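An overview of the molecular structure
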Amino acid sequence: MKNDMLEIKVALQISKPIDVVFEAIVNPEKMSNYFISKSSGLMEEGKVLIWNFPEFDMDYSVRVGKIEVNKYISYYWNSEVKELFVEISLESQANGSTLVSIRETGMSNDKEGLKWLSGNSFGWSNFLACLKAYLEYNINLRKGAFDFMRAENQCS
């Protein structure tokens, strides 16, 4: 039987130890330096969190799934049409860096799903680039990068 579900897979190596990378993903004080503007709490198994993004004037509900310290993070979040599943895997490399792999699933192979695939593939690649810039160089690449989206949304 053919699988009609779309899947996003992205990965990037970050020149920091796995515990530093893990903490930057689960701790909202760290995440606010490269991804979200705020969160209602730490990512912990079973918690439901509310995330805000600097360029969007809305709340995103995040239901944390499984957490394996320094290895794996999963959660569910809602798109405009359905709940999506995100998995983040961390793998130590021989040189002390960390490979971060992200997989997101949950959309059908149709017009709506293809729009999601395009947008979220860009989004996850951007997440990884911003995480790398923050951890390796203490730079917030996201700051001001999407102001144009806020302006577009206000004009609509």
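Report on the accompanying structure. (Residues numbered from 1 in each chain as written. Predicted model: local features only at pLDDT ≥ 70, side-chain atom pairs only at ≥ 80, totals over all residues. Heavy atoms only, no water.)

Both strand 1 (residues 5–14) and strand 7 (residues 98–108) contribute to a ladder of 10 bridges, which runs antiparallel. Residue pairing for strand 7: Ala11 is matched across the bridge by Ser101. The pairing of strand 6 (residues 83–92) with strand 7 spans 8 bridges and is classified as antiparallel. Bridge pairing in strand 7 places Glu91 opposite Leu99. If you look at the hairpin formed by strand 6 and strand 7, you'll find 5 residues sitting between the two strands, and Gly96 has a positive phi there, around 90 degrees. (Pairing = 2+ DSSP bridges. Helix = DSSP H or I, 4+ residues; strand = E, 2+ residues; numbered from the N terminus.)

The biggest cluster of nonpolar side chains holds 40 residues, and the ones touching the most others in it are Tyr34, Trp51, Tyr75 and Trp77. It is helix 3 (residues 111–137) that provides the largest number of residues to this core, a total of 8 residues. Sequence-distant contacts of Trp77, defined by excluding residues within four places in its chain, comprise Phe35, Trp51, Phe53, Ser61, Val62, Lys82, Glu83, Leu84, Val86, Glu104 and Trp124. (Core = buried A, V, L, I, M, F, W, Y, C linked by side-chain atoms within 4.5 Å. Buried < 20%, exposed > 50% of the residue type's maximum accessible area, 1.4 Å probe, protein only. Contact = heavy atoms within 4.5 Å.)

One non-glycine residue with positive phi stands out, namely Asn70, at about 60 degrees. Position of Asn70 among the secondary structure elements: in the loop between strand 4 (59–68) and strand 5 (72–78). Residue Asn70 is classed as partly exposed on the basis of its relative accessible area, which comes to 24%. Even without being a glycine, Asn138 presents a positive backbone phi close to 55 degrees.

Let us look at the environment of Tyr34. Mapping Tyr34 onto the fold places it in the loop between helix 2 (28–31) and strand 2 (38–39). With a relative accessible area of 1%, Tyr34 lands in the buried category. On a C-alpha basis, the gap between Tyr34 and Ala24 in space is 9.2 Å, while along the polypeptide they are 10 residues apart. If we ignore the near neighbours within four places in the chain, the residues touching Tyr34 are Ala24, Ile25, Phe127, Cys130, Leu131, Tyr134, Asn140 and Arg142. In terms of polar contacts, Tyr34 uses its side chain to reach the backbone carbonyl oxygen of Ala24, at 2.7 Å. (Polar contact = N/O pair within 3.5 Å; in protein donor to acceptor, adjacent residues only side chain to side chain.)

For the rest of this paragraph, the subject is the sheet that holds strand 1. Pairing in this open sheet of 7 strands is antiparallel, and the strands run 1-7-6-5-4-3-2 from one edge to the other. Each edge of the open sheet carries a strand with a single partner, namely strand 1 and strand 2. Running over the sheet, helix 1 (residues 18–26) touches strand 1, strand 4, strand 5, strand 6 and strand 7 and is turned about 160 degrees from strand 6. Sheet strands touched by helix 3: strand 1, strand 5, strand 6 and strand 7. Its angle to strand 1, the strand with the most contacts, is close to 15 degrees. (Axes fitted to C-alpha atoms, helices over the stretch in contact; angles between N-to-C directions.)

For helix 3, spanning 27 residues, the distance from its first C-alpha to its last is 39 Å, which sits close to the expected 39 Å at 1.5 Å a residue. For helix 3, the secondary structure elements touched by its buried residues are strand 1, helix 1, helix 2, strand 5, strand 6 and strand 7. Regarding helix 3, its N-cap is Asp110, as a side-chain oxygen of that residue lies 3.3 Å from the backbone nitrogen of Glu112 further along. Looking one or two residues past helix 3, Asn138 carries a phi angle of roughly 55 degrees, positive in sign. (Expected span 1.5 Å × (residues − 1).)

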